[in-house]
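Working through the structure, step by step
Take a look at the letters that make up each chain.
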Amino acid sequence: MSSSTVPEVPTGSVDQARRRPNSERFKRFAIRYGFLIVMATLFLFFGWWNPVFWRPANLFSILLGATVYGILALGVTFPLVIDGLDLSIGSVAALSVMISAYVMVVLDASGTVAILVCLMLGAGIGAINGFLIVRVKIPDLLATLGMMFLVQGVQLIPSGGRSIGRGAVLAGGVVAPGRFRDYFLFLGQGRLFGIVPTAVAIMLIVAILVFVILSLTRWGRVFYAIGSNSQAARLVGAKVNTYRMMAYILSGTIAALGGIVLAARVGRGDVSSGGTLLLDAIGSALIGFAVLGVRRPNPFGTIVGAIFISMLLNGLSMMNMPYYVQDFVKGVVLVAALAFTFGLSKTKG
Amino acid sequence: MTAVKEQDVSDAKILFEVRDIGKSFGVTRALDGVSVEFKPGELLAMVGANGAGKSTLIKIICGYHAEYEGQILVEGKEVQFHTPKAAYDNGIATVHQIINEGVVPSMTVYENLTLAKLLNPGLPLFYKKEALRIEAREVAATMGLEIDLDTPVDQLPQSERQMIAIARALAIKPRLLILDEPTSSLSDKESERLFAMLDRLKQLGVSILYVSHRLHEIGRIADRVIVIRDGKLAKTLQRPFQVKDMVTAMVGEIPKHSFLADRERGIDDTNTQVELRDVVVAEGAPPVNLKVRKGEILGLTGLIGAGKTELAQVLFGITQAMSGEIRMAGKVIHPRNMSEAIRAGIFYVPEDRAENAVVPLFNIRQNMTLPFLRVFDRLGIMDVNSEIKRCREMIGAMGIKCEGPEAEMDSLSGGNQQKVVVARWLLEKYNLVILDEPFQGVDIRSRHDIGEYLRTSIGDKSAIIIATDLDELIEVADRIVVMNNGAIIGEQEYEDIDRDKLLQLVAQEKEIQEREESAV
Ligand SMILES: Nc1ncnc2c1ncn2[C@@H]1O[C@H](COP(=O)(O)OP(=O)(O)OP(=O)(O)O)[C@@H](O)[C@H]1O
Ligand SMILES: [Mg+2]
């Protein structure tokens, strides 16, 4: 109140009333666009440092880098919306990599079969997660953490702990008969119309689907209502348990899809493909809270978050930053983005 | 701001004072130039319509709103309260309108009562648990709380949570105690305990600021009444208070309720909409027989714990009856869950809006249409425009004070939030709508508006209104039924509603309970 440059007028309350909305409007603007502005600034900075950063090929590789955990992040949006979390997505994706390799390379079955088997496994694991959480009433973090370890173990069983590539030697000394099908590899390595990487297109399609479901349909409305006040949702007749179950099934299925894209990208069943998928995915979804200051999980923000992480890694490695610095920066950004959105909007009263 | 003249306030020194307080939210001017003095040992009541600005003033005094215009003075010196702690340190304790802001639901009663102590930086790392427990027990005893201290608060009914929130406020030994609608969820008995407590505090010289929509109780306990209207101090009233004066200052003249005349139209006795035959709500409960006629608004009253809500829950399919029959327009129905009940046209507005009804993330429109999303579903996609249109109509019909359908719930005053969650169930045609304590925190004018809307829209359907406060029912009901211990023990038609007799029934009800309690 003291920073008044306006001369004191008797009708003080009037110009105060006029001034207040202004500062409020600024704050709202900062909450809404603050993150995007930071992102744009970084984008300019990286390019200024090294113009190669701006080359279309590099931009596509940033997008491509975001696809796998971006897809996972879109899936985990559903558990996040109902105020839960799914920690098994990373290992589900890794399982999906191994199983698709196993189905095509060892069993010599078609890519379509591989895709269907993976998606069904993902849905099944999601259903088990949902069952443990909804029926057995294990807290979501514990249930999905347990599932994460379990799946990590299961993933190694078919191949006896070895990676599966073309011509791999199996346990009995037999050479695997099959190989990755071309149309399967196209999902990870191809380009639509020779321009857009297929994987990026898949991510965008998933994003649009998730957006439509969550933001435009009544089911999405119920998902959000459950996350905000599940008791109220129950008392308007929503089948809360069914929805919570669905959230985990969707998250598992979409995680399996992410694994399929990953398998198609690397073209072999790599035992160590899980890597940092889980954390990058959850990081993307959480950064998504800050994008546009919506303070809740949302698919648009999630995509932006995933691209942001990928851009950050790409830019930092162009500056020859060692990998541990990259992790550090990633962490700082995540905390800062969340502190910014939640901190600013908390003091809105 | 001249010297105090009242004789009943012995100590003339004014401890707290606010001057020219103003507050805007965006374009809404919530408060404008309000000045109030708080005298030691005085119970100052504040009344006003929903959205008048009462809670806003309280939130400024208790340091919740960091930005405001005007001054707060403690012992004549200006202070800036930018945090609740600053207000605390100056001896101001507040119990807010939303109970769950006053308690930590996931913690036990004991932890809640000693939270202030536990958070105190002076507390040694290995503090004496026993000493704190004794203290908690003392605090509980002053409020007449007879609950196990180790019960988690979220397992307690709303009324007991409210008592705990008050006990917590008292635990810091305040010099100014602020209560925002403390009785809206309390039974008469608990209210009486609270009033006795307030009396004792007054003896100790504590100033009390008390907000309520129950004007009768204010007439009884207040020393002075201020009326807030549209953010301004409209009037100060001195003893003796007339309810009529308060109402006029709050909302102007209430038109001689047109809908009351309708009550005499005579409802056809033979035309039953809902019938309960020997419905046993729970193991060992007495069978309930009840008929609700077409076009009737039935009032259901009784003490907290008399079984009113339990009955409603059976009708709405939340719980199942042990035995008996429910008939809707002659057909036997047995809703096994809520969606079946809704399909049968039975709607239920639950009590305790913060816990059971409000979706804080959603704006007014999304909150209002929540039970009937199907209606706005066009091939899977929500038709937001018709949602907005419908929502606008309800905002008008219910007199909800807000910036529009897209305003957030937390920008609404308590009473207006309540109107939103009531409106939600009047959006579609019902066969039977049950409103459980629908007037919690709703001002007298809006009660009439809601009653009127219900009456004009009811047609040949039926409504049950559950309320502990008899006066609320007398305003709207065609017939009042009294429950006790799960049984229906009396009823009166509108034509011969006799307030005293009903109160007698309630008194008798108390006797029965007390006799039983002492028999155990
Ligand atoms: N955080 C907020 N953002 C925007 N508007 C607000 C906010 N809080 C309150 N208001 C508005 O300020 C006005 C006063 O609200 P307040 O809560 O003080 O009313 P009240 O007198 O306590 O009403 P009730 O009896 O219903 O509790 C209302 O118009 C309300 O919509
Ligand atoms: Mg209020």
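Higher on the page you've got the structure.
I will try to describe carefully the structure that is included in this document. Quick caveat, the model's predicted, so the values are computed rather than measured.

The subject of this paragraph is the coordination of the magnesium ion (ligand 2). Residues and elements named next belong to chain B. Distances from the magnesium ion (ligand 2) to its protein donors, Ser55 (OG) and Gln97 (OE1), fall at 1.9 to 2.3 Å. In this pair, Ser55 is assigned in helix H1 (residues 54-61) and Gln97 in the loop between strand E6 (92-95) and helix H3 (109-113), connecting sequence segments 42 residues apart. Take Ser55: its relative accessible area is 18%, and that puts it in the buried class. A residue is classified by how much of its surface remains accessible, and Gln97, at 16% relative accessible area, is buried.

All right, on to the sheet that holds strand E11 (residues 272-280) of chain B then. Residue and element names in this part refer to chain B. Reading across from one edge, E12-E11-E14-E15 is the order of the four strands in this open sheet, with antiparallel pairing throughout. Looking at strand neighbours, the two that pair on one side only are strand E12 (288-293) and strand E15 (331-333), the edges of this open sheet. Strand-to-strand twist in this sheet, taken as the mean axis angle between neighbours without regard to direction, amounts to 20°. With five bridges joining them, E11 and strand E14 (residues 323-328) adopt antiparallel strand pairing. Bridge pairing in E14 places Glu275 opposite Arg327.

Moving on to the site of ligand 1. Residue and element names in this part refer to chain B. Near ligand 1 lie 21 residues; those nearest to it are Ser55, Thr56, Ser411, Ser413 and Gly415. Between ligand 1 and Ala52 there is a distance of 3.2 Å, counted from an oxygen atom to a backbone nitrogen or oxygen. One of the side-chain N or O atoms of His213 is found 2.8 Å from an oxygen atom in ligand 1. Of all the elements in the fold, those that place two or more residues in the shell around ligand 1 are strand E2 (28-38), H1 and helix H16 (414-423). Among the elements that take part in the shell around ligand 1, H1 stands out by supplying three residues, more than any other. For the shell around ligand 1, the residue count by class is five nonpolar, twelve polar and four charged. Looking at the shell around ligand 1, you find at least three residues from each of domain 1 (6-91 + 174-251) and domain 4 (356-428).

Here we come to empty space enclosed by the protein. Sizing a probe to match a water molecule and rolling it over the atoms shows the empty space that remains. Residue and element names in this part refer to chain B. Under the definition given, this model contains three cavities of 30 Å³ or more. In this structure, the second largest cavity occupies an estimated 100 Å³ of space. Contributing to the lining of the second largest cavity are 13 residues, with Ser184, Arg214, Phe439, Gln440 and Gly441 lying nearest its centre. Tallied by class, residues from the lining of the second largest cavity come to two nonpolar, six polar and five charged. Lining the lining of the second largest cavity are residues from two domains, each supplying at least three of them: domain 1 (6-91 + 174-251) and domain 3 (270-345 + 429-520).

How each quantity is defined
Residues numbered from 1 in each chain as written. Chains lettered and ligands numbered in written order. Predicted model: local features only at pLDDT ≥ 70, side-chain atom pairs only at ≥ 80, totals over all residues. Heavy atoms only, no water. Donors = N, O, S within 2.8 Å, 3.2 Å for Na, K, Ca; no water. Helix = DSSP H or I, 4+ residues; strand = E, 2+ residues; numbered from the N terminus. Buried < 20%, exposed > 50% of the residue type's maximum accessible area, 1.4 Å probe, protein only. Pairing = 2+ DSSP bridges. Axes fitted to C-alpha atoms, helices over the stretch in contact; angles between N-to-C directions. Near = heavy atom within 4 Å. Polar contact = N/O pair within 3.5 Å; in protein donor to acceptor, adjacent residues only side chain to side chain. Nonpolar A, V, L, I, M, F, W, Y, C, P; charged D, E, K, R; others polar. Domains from an automatic or database assignment. 1 Å grid on protein atoms, 1.4 Å probe; cavity = no way out; pocket = protein on both sides within 12 Å on 5 of 7 lines; lining within 4 Å. Points joined across faces, edges and corners; volume = space filled by probe spheres on them.

Without other data, these values stay purely geometric and don't point to any function.
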